[in-house]
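Results of the structural survey
Listed here are the chains, written in short residue letters.
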Amino acid sequence: MSNYQKRSKTELAQRVAQDIFDGAYVNLGIGQPTLVANHLPAGREVVLHSENGILGMGPAPAAGQEDYDLTNAGKQPVTLLPGGSFFHHADSFAMMRGGHLDICVLGAFQVSSTGDLANWSTGEPGAIPAVGGAMDLAVGAKATWVMMDLLTKTGECKVVEECSYPLTGLACVKRIYTDLCTLECTPDGLRLIDTVPGLTHAELESIVGLPIRQ
């Protein structure tokens, strides 16, 4: 009988944060990825970028200290670290497209075993497309990581053999961080980095429905 517990959103953010190296320039996408800013290890310098034109973001402000003239791309209030800067939207996208970001962390609807990304539309009638800067980030950053729940609310796995939703980028995702496991996408398919305690490799393969190399 299975005996494992999913990572909470906080635990997932901590898991992603621990893998960001000292000195990295990092873009955190809208949604869950923004939580990573609150869990960067002390003493590790990570320069956070926001596509609306900020470099040097800090963690979320304390309650009551929000400044709504200082927000990230998701319109959430943020803080600015010493040395932080503001700049034009076009300059921000030039940073993204020019290969100046080490890592971007994005949410996703689906990721294929070889790293194809679908995160801007489900293609459903009436769905609001929300591409934002995702295409620019996915191909512009040196490493694209996805942070998401492994399963949808109806129980389908978001890691798939081939994406059925409109694609954001091809073979761009290097790692997938989820509430049950961390996976690496390779040209040969998925490789396991870690799972939550108590979840066996066989159980994970059954959940995902794809082979996962150890």
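Our structure is the block above this text.
Since we're looking at a predicted model, the values are computed, not measured.

What follows deals with the overall build of the protein. Within the protein, the regular secondary structure consists of 4 helices and 13 strands. The C-alpha radius of gyration computed for the protein amounts to 17 Å, which stays within 12% of the reference 17 Å derived for 214 residues, consistent with globular compactness. In terms of overall dimensions, the protein has a C-alpha envelope of 50 × 35 × 30 Å along the principal axes. Sorting the 214 residues of the protein into buried and exposed places 46% on the buried side. Considering only residue pairs separated by 6 or more positions, the protein has 60% of its internal contacts joining residues 24 or more positions apart.

Turning next to unusual backbone geometry. We note that Lys 75 has phi near 65°; this positive angle belongs to a residue other than glycine. Assignment of secondary structure puts Lys 75 in the loop between β3 (54-57) and β4 (80-86). Residue classification places Lys 75 among the exposed residues on the basis of a relative accessible area of 67%. Unlike most non-glycine residues, Ala 171 shows phi in positive territory, near 50°. Position of Ala 171 among the secondary structure elements: in the loop between β9 (159-160) and β10 (173-177).

A few words now on the environment of Glu 205. Along the chain, Glu 205 turns up in helix α4 (residues 201-208). Take Glu 205: its relative accessible area is 27%, and that puts it in the partly exposed class. Beyond its immediate sequence surroundings of up to four residues, Glu 205 is in contact with Leu 210, Pro 211 and Ile 212. A distance of 2.8 Å separates a polar side-chain atom of Glu 205 from the backbone nitrogen of Ile 212.

With respect to topology, 10 strands assemble into an open sheet ordered β4-β3-β2-β1-β5-β8-β10-β11-β12-β13, the strand pairing being mixed. On the outer flanks of this sheet lie β4 and β13 (212-213), each paired with one strand and no other. Pairing geometry for strand β8 (residues 143-147) and β10, over 4 bridges, is parallel. Paired with Thr 144 across the bridge in β10 is Val 173.

Our next topic: the pairing of β8. For β8, the buried fraction is high: 5 of the 5 residues fall into the buried class. Along β8, one buried face is formed by Ala 143, Trp 145 and Met 147 and the opposite face, lined by Thr 144 and Val 146, is buried too.

Parameters and conventions
Residues numbered from 1 in each chain as written. Predicted model: local features only at pLDDT ≥ 70, side-chain atom pairs only at ≥ 80, totals over all residues. Heavy atoms only, no water. Helix = DSSP H or I, 4+ residues; strand = E, 2+ residues; numbered from the N terminus. Rg over C-alpha atoms; globule rule 2.2 N^0.38 Å. Buried < 20%, exposed > 50% of the residue type's maximum accessible area, 1.4 Å probe, protein only. Contact = heavy atoms within 4.5 Å. Polar contact = N/O pair within 3.5 Å; in protein donor to acceptor, adjacent residues only side chain to side chain. Pairing = 2+ DSSP bridges.

As far as function goes, none of this settles anything; it's purely spatial.
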